[in-house]
Structure formats: structure tokens, C-alpha cells
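Remarks on the overall topology
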Amino acid sequence: MSESNLAARSDGLEGQVSGARVIAQALKTQDVNYMFGIVGIPVTEIALAAQEVGIRYIGMRNEQAACYAASAVGYLTGRPLIVIGGSSERSQETMGAFQEFPQVEACRLYSKFSARPSSIEAIPSIIEKAVRSSLYGRPGACYVDIPADFVNLQVNVNSIKYVECCMPPPISMAETSAVCTAASVIRNAKQPLIIIGKGAAYAHAEENIRKLVEQCKLPFLPTPMGKGVIRDNHPNCVAAARSRALQFADVIVLLGARLNWILHFGLPPRYQRDVKFIQVDICAEELGNNVRPAVTLLGDINAVTKQLLEEFDKTPWQYPPESKWWKVLREKMKSNEALSKELASKKSLPMNYYTVFHHVQEQLPRDCFVVSEGANTMDIGRTVLQNYLPRHRLDAGTFGTMGVGLGFAIAAAVVAKDRNPGQRVICVEGDSAFGFSGMEVETICRYNLAIVLLVVNNNGIYQGFDTDSWKEMLKFGDAATVAPPMCLLPHSHYEHVMTAFGGKGYFVQTPEELQKSLRQSLADTTNPSLINIMIEPQAMRKAQDFHWLTRSNL
């Protein structure tokens with residue numbers, strides 16, 4: 001299409017510009033390069049205009065998956081998550097118009113900024129503020145509501161003043177006295193522990209955190225999204241002794257990690273009653289949640305870690321590598337790793353989780369993105385599948401939301417395609433989790449994203465039944481009355497979902513079949529694939545010291 005025809009298509013009249021084009025150009029000016037969504041009246045033209053200004057538009061099959069993909073791109077690139085929605089025309093407000101709803105007010109509860117521009121001329125400044133609000137402080141989503149009549153409305157092109165791209169977020173640092181206090185508390189620790197959270201990964205703090213860990217010889221534990229900030233196979237990583245490390249540490253440094261349910265709120269019995277927390281966070285409101293910290297360091301994780309390093313440079317200090325604490329942790333790591341290895345080596349069929357993940361881990365490229373969701377699939381996968389680079393693991397995280405997997409995988413694949421062609425994305429799904437967004441397989445095939453999907457299939461949520469048990473159970477009545485609520489149809493061939501859209505599908509039941517199919521999938525960098533892995537329906541994770549949602553005994 002010629003430039004003149006393109007201009008005519010976008011703006012209709014010479015010297016005029018449509019609201020859709022203004023929205024697209026305002027986003028592009030703010031360095032927004034990706035858009036995910038499902039279009040229809042009244043926002044189709046916005047997606048077309050976005051493509052015309054150079055924004056990559058990925059059409060999804062489900063709006064939730066589109067939001068998941070956008071949030072993952074925000075995490076991977078450091079650029080914003082802006083939700084743009086179409087609403088009813090201004091002249092039809094209060095009349096029961098098509099999809100009339102107080103969207104701005106509703107979104108204020110869940111976003112950092114929510115607004116509806118009063119005119120097309122106001123759109124650039126509203127979008128700049130949305131982008132800036134999403135990036136500054138603790139990153140978060142913002143919402144911009146577009147009245148339907150704005151999309152195709154034409155205004156004089158000279159009336160539009162685009163706002164230049166907002167400046168990068170200012171870097172804040174902790175108070176010097178607080179840094180000195182924190183260093184003193186660490187020096188006096190008998191059983192110290194560093195916990196590396198998602199915030200550390202977002203802050204690109206990996207180099208300074210690694211220096212702190214290695215210089216001071218401190219044990220560290222990554223949260224799920226903190227995996228890879230320091231490589232999982234680092235000698236100071238104590239993930240294999242997670243419960244023991246949390247339960248007996250006397251000083252814990254939280255680097256961008258929140259004391260929410262994932263970290264058991266920082267309360268007994270998971271922690272010592274007198275444990276001292278040093279909280280490092282960019283969000284002031286997060287400091288002091290659930291526990292009273294010994295020291296709070298408000299600021300950018302990378303900058304504050306550098307401050308701590310400078311403090312230890314002044315007066316060098318190392319935690320003794322041969323201390324009793326290190327001995328306890330290493331012994332627990334050794335016993336847990338031996339138990340996992342024993343489970344992985346079992347030859348019985350169907351396979352268990354540990355056998356599957358052992359063979360997957362053997363073949364994974366070190367620089368691949370690992371996306372994971374499910375119950376046991378995600379939890380066990382965290383302990384076995386290794387991450388060696390920051391921001392290379394994406395999973396359900398704090399909200400524990402199922403359905404994120406394929407959206408996250410699509411986002412990672414789109415970013416990898418632009419930044420590092422050939423980099424692989426491995427998406428590890430439970431069979432139940434796959435069902436939440438399985439239709440996004442069509443999206444994967446449409447955009448030819450060479451994602452490797454692994455569906456770890458136990459015929460249910462947590463646990464299921466084999467085919468014979470299922471048939472026997474149905475003799476006693478209809479499935480709706482006799483089948484346990486967590487059961488799924490046994491022996492489902494999820495791989496056919498992939499082949500239906502032109503990708504490659506594999507149905508595997510043995511370690512040899514798994515190894516062969518994974519090897520073929522990783523070698524094929526041009527086609528997506530889905531490996532449907534049948535495992536023991538009653539397979540569980542190894543015995544845990546605590547239930548996953550341990551109640552406090554305070």
C-alpha cells in the first residue's frame with residue numbers, strides 16, 4: 001500500500017487525523033512496541049492504526065490471555081502494561097448503550113491510574129501519564145477508556161500535540177544510616193539468609209546481588225520469579241533446603257520479595273519468632289507488612305544492593321563458609337536432592353513428575369525461557385527445572401492464577417523473536433492448567449512461534465484416575481454424580497489440539513518417547529510443538545515438612 005493510500009485509510013481527509021491514529025501514535029511515542037488483544041466494535045481501527053505506526057499487534061483468542069501476555073512483556077522489557085478499552089459513545093451515556101459500564105471507576109480498584117480522555121486532543125497527555133504511572137514506583141497496570149465515537153472521529157491534525165516519551169523512572173536510594181544498620185545486623189547474624197524476589201529481577205539487580213552473595217559468602221533462596229537472578233546451580237543457592245532455611249534463619253534480607261502467602265507471611269511456624277527481617281523494596285507501603293522489620297531500606301533494589309556492597313567494601317566481612325548453619329543447610333540439601341533423584345530414577349510406568357522433569361532438565365537449553373503453571377506441575381517443576389539467567393522464568397506467581405501459561409509463553413516468544421532469534425520458550429503445563437487457555441495454541445501457530453508445550457497429564461486437578469478406574473466408576477452412575485470434582489477425562493489427546501492448527505504433536509508414555517520427542521521439538525526452530533506426557537494419575541510430590549499453606553501458630 002502506498003504512503004498516500006495509507007494516509008487516506010488512516011485519516012480519511014487531508015489535514016485530518018482519526019482518534020484511532022492519535023491513540024496509536026501516542027503509544028508509539030511512549031515507546032510501546034507490542035499490543036495484545038481481541039478486536040471488535042469499537043476498537044478494531046485502533047489495532048489497525050497501531051500496526052501502521054509500527055506497533056506489533058498479536059491477536060489472541062481470549063482477553064485474559066491477552067492481558068497475561070501484555071503483563072509478561074512488561075516484565076521482560078521494562079515497558080508498561082496499559083489496558084485500552086472501548087466504551088459506549090458519549091451521546092448515549094445513561095441510555096443503556098452497547099457495553100455501557102462505568103469502566104474507569106471499576107478499574108481504579110485494580111490499576112495505578114484510570115482515566116477517560118475528554119477529547120481526542122487530550123489523548124496524548126493521558127497516555128503519557130498512564131505510561132509514566134505504570135513505570136514509576138512499583139510497576140503496575142493502568143487503564144485508558146476510549147469512547148466509541150472517538151475512534152473514527154476526525155480532528156485537525158495541527159490540533160494534536162504529542163507528548164514526548166516519559167523519562168525513565170528516577171532511581172531512589174535508601175538512607176545511609178539505615179544501610180549502615182542493615183550491614184551491622186547482617187554481620188551479627190548467626191544464621192543469615194537472602195531471599196531474592198521478583199522485584200530484584202525487575203530491577204535488573206542481578207550483578208550487584210551476585211557480588212553481595214559471593215563477597216559475603218551468604219546463602220540465598222530465590223522466589224519462583226526470582227529464579228535466575230543468580231543461577232540456580234550456584235553453590236550458595238539453598239533452594240533444595242527451602243523449608244529448613246526459612247524455619248531457622250535468624251536474619252533474613254528480603255530483596256524485592258513480599259511476605260505474602262508464598263513466603264508464609266513471615267510468621268511461625270515457618271519462621272523463628274525472633275527472626276530479624278531486613279526489607280528492601282521500592283514500595284514504601286510494602287515495608288512492615290505482616291511483621292515488624294528490624295531494618296527497612298526503601299529504594300531501587302539494584303541501587304540499595306550497591307549501597308550495601310559499598311558498606312561491606314569499607315569494612316570487608318564474610319560469613320564463615322564452614323559454619324554450623326552452612327553444615328545444616330548442606331546436609332538438608334543433600335538429603336532432599338537424593339530423594340528427588342531416587343524418585344526420578346524409578347522405572348515404573350506411568351512415569352511420575354520427577355522422572356519427567358529429570359529428562360526435561362537434561363535437554364533444556366541454558367538460555368531458554370521456562371514458563372510454568374499448574375499445581376504439582378508448577379511446584380515440582382520449580383525445584384527441578386533450573387534457571388541460569390534472570391527474567392527467564394514466568395509462572396503463576398502471587399495470585400496463583402491458572403491460565404497464564406500460554407499467554408506468558410507467547411509474550412516470551414515474541415520478545416525473543418525480536419531480541420534473540422532462535423532462543424527457545426518451553427511452556428510446562430498441567431493438564432488442568434492447559435485447559436484454561438488451550439485455544440491459544442491457534443495463536444501460537446498463526447504467528448509461527450516455535451514454542452515447545454509440555455502437558456504433564458495426570459488426568460485431573462492434583463490427581464485423577466486411569467481409564468480402567470474411570471470406566472468402573474461410571475458403572476455406578478452419571479459422571480456428574482459419581483466422578484470426583486477434580487477428575488478429568490482420562491487419556492485425553494491434547495497433542496491433537498496442536499496438530500489441528502498445523503503444529504507438531506506427540507503422545508508419550510515412556511522416558512524414551514519423552515527424550516525423543518523433546519529432542520525433535522528443540523531441534524525444530526520453525527514449528528511449535530506439543531508433547532502430551534502421560535504420568536501416574538495418583539502421582540504426588542515428595543513429602544513436605546509443612547503444608548503449602550501452613551497456618552501461623554501465633
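The preceding data block contains the structure.
Reference entry: report on the structure contained in this document.

Parameters and conventions
- All residue numbers refer to positions counted from 1 along the written sequence of the respective chain.
- Note on the predicted model: pLDDT of at least 70 is required for a residue's local features to be given, and 80 or more for side-chain atom pairs to be given and counted; whole-chain, interface and lining totals, by contrast, use all residues.
- Each side-chain value is derived from all of the structure's non-hydrogen atoms; neither hydrogens nor water enter the calculation.
- Working definition: helices are DSSP H or I runs of at least four residues, strands are E runs of at least two. Numbering for both runs from the N terminus.
- The globule rule used here is 2.2 Å times the number of residues to the 0.38 power, and the radius of gyration it is set against is calculated over C-alpha atoms.
- Whether two residues are in contact is decided by their heavy atoms: any pair within 4.5 Å suffices.
- Whenever a helix is involved, its axis is fitted only over the stretch in contact; in every case the axis is a line through C-alpha atoms, and angles between N-to-C directions fall within 0 to 180 degrees.
- For classification purposes, an angle smaller than 35 degrees is called roughly parallel, one larger than 145 roughly antiparallel, one from 65 to 115 roughly perpendicular, and anything else oblique.
- Handedness of a crossing is defined here by the sense of rotation of the near helix relative to the far one, left-handed for an anticlockwise turn of less than a right angle and right-handed for a clockwise turn.
- When residues are sorted by character, Ala, Val, Leu, Ile, Met, Phe, Trp, Tyr, Cys and Pro go into the nonpolar class, Asp, Glu, Lys and Arg into the charged class, and all the rest, Gly among them, into the polar class.
- Paired strands, as defined in this entry, are two strands with at least two bridges between them according to DSSP.
- Residues enter a nonpolar core if they are buried and are Ala, Val, Leu, Ile, Met, Phe, Trp, Tyr or Cys, with the set joined through side-chain atoms within 4.5 Å.
- A simple rule labels every residue: compare its accessible area, found with a 1.4 Å probe on the protein chains alone, to the largest value its type can have, and call it buried under 20%, exposed over 50%, or partly exposed in between.
- When charges are counted, neither His nor the chain ends are considered; positive counts come from Lys and Arg and negative counts from Asp and Glu.
- Definition used for salt bridges: Asp or Glu carboxyl oxygen within 4 Å of a side-chain nitrogen of Lys or Arg.
- Within 3.5 Å is the distance limit for a polar contact, defined as a pair of N or O atoms, with the added protein rule that one can donate a hydrogen and the other accept it, and that residues adjacent in sequence qualify only through two side-chain atoms.
- Take the number of residues in a helix, subtract one, and multiply by 1.5 Å to get its expected span.

With that out of the way, let us pick up the overall build of the chain. Looking only at helices and strands, one finds 22 helices and 20 strands in the chain. In terms of C-alpha radius of gyration, the chain reaches 26 Å, essentially the compact-globule figure of 24 Å for 554 residues. When its C-alpha atoms are laid out on the principal axes, the chain stretches across 75 × 70 × 45 Å. Within the chain, counting contacts between residues at least 6 apart in sequence, those at least 24 apart form 76% of the total.

Our next topic: the packing of helix α4 (residues 63-77) against helix α16 (residues 405-419). At their nearest, the axes of α4 and α16 sit 7 Å apart, and the two run at 45° to each other. Judged by the inter-axis angle, α4 sits oblique to α16. For α4 against α16, the interelement crossing comes out right-handed. Within the contact between the two elements, α4 uses Ala65, Tyr68, Ala69, Ser71, Ala72, Val73, Leu76 and Thr77 and α16 uses Gly407, Phe408, Ala411, Ala412, Val415 and Arg419. Tallied by class, residues from the contact of α4 with α16 come to 10 nonpolar, three polar and one charged.

Read across the open sheet, the six strands follow the order β14-β13-β15-β16-β20-β19; overall the sheet is parallel. A single partner strand is all that each edge strand has here, and the edge strands are β14 (393-395) and β19 (504-508). In this sheet, neighbouring strand axes are inclined to one another by 15° on average, regardless of whether the strands run parallel or antiparallel. Of the pairings in the sheet, the one linking β19 to strand β20 (residues 529-534) comprises five bridges and is parallel in character. In the sheet register, valine 508 faces β20, and the bridge partner there is isoleucine 533. Relative to β14, helix α15 (residues 376-384) is tilted by about 155°, and along the sheet it contacts β13 (369-373), β14, β15 (425-430) and β16 (451-457). Contacting β13, β14, β15 and β16, α16 runs over the sheet at an angle of about 180° to β15.

A word on the nonpolar core. Counting residues in each nonpolar core, the largest one holds 102 residues, and the members touching the most others are Phe36, Leu297, Ile451 and Leu453. If one sorts the elements of this core by residue count, α16 sits on top with 10 residues. Filtering out sequence-adjacent residues up to four positions away, phenylalanine 36 remains in contact with Tyr57, Ile58, Met60, Ala66, Ala69, Ala70, Val73, Ile410 and Ala411. Within the second largest apolar cluster, 35 residues are counted, among which are Met35, Ala47, Cys142 and Phe150.

Glancing now at the environment of glycine 85. Of note, glycine 85 is situated in strand β4 (residues 82-87). Looking at glycine 85, the relative accessible area reads 14%, which means it is buried. Residues glycine 85 and arginine 116, 31 residues apart in the sequence, show an inter-C-alpha distance of 9.9 Å. With residues near it in sequence (within four places) discarded, glycine 85 still touches Val43, Tyr143, Val144, Asp145 and Ile146.

Turning our eyes to something else, we now look at the sheet that holds strand β5 (residues 113-115). Across the sheet, three strands lie side by side as β4-β6-β5; this open sheet has parallel pairing. Among the strands making up the open sheet, the edge pair consists of β4 and β5. Along the sheet, successive strands turn relative to each other by an average axial angle of 15°, direction set aside. Where β5 lies against strand β6 (residues 142-147), three bridges are found, and the strand directions are parallel. Residue pairing in the sheet places phenylalanine 113 in a bridge with cysteine 142 of β6.

This brings us to the environment of phenylalanine 465. Structurally, phenylalanine 465 is set in the loop between β18 (463-464) and α19 (467-474). Residues phenylalanine 465 and isoleucine 426 lie 39 residues apart in sequence; the distance between their C-alpha atoms is 27 Å. Every residue in contact with phenylalanine 465, bar those within four places of it in the chain, is listed here: Asn459, Trp470, Met473, Pro484, Cys487, Pro490 and Pro537.

One can find glutamate 373 in strand β13. One buried charged residue, glutamate 373, remains without a salt bridge, the closest side chain of opposite sign being arginine 382 at 10 Å. Engagement of the side chain of glutamate 373 in a polar contact is seen with the backbone nitrogen of glycine 403, the distance being 2.6 Å. Contacts of glutamate 373, omitting those with residues within four sequence positions, involve Met378, Thr401, Met402, Gly403, Val404, Gly405, Leu406, Val428, Glu429, Gly430, Ala433 and Ser437.

The next thing to look at is α4. Between its first and last C-alpha, α4 extends 21 Å over 15 residues, near the 21 Å set by a 1.5 Å rise per residue. Burial analysis of α4 places 11 of its 15 residues in the buried class, which makes it a mostly covered element. Among all positions of α4, only Ala65, Ala66, Tyr68, Ala69, Ala70, Ala72, Val73, Gly74, Tyr75, Leu76 and Thr77 are buried. Against the buried residues of α4 lie β2 (34-37), α9 (198-202), β13, β14, α16 and α18 (440-446). Residue asparagine 62 occupies the N-cap position of α4, its side-chain oxygen lying 2.8 Å from the main-chain nitrogen of glutamine 64. Glycine 78 occupies a position one or two residues after α4 and carries a positive phi of about 80°.

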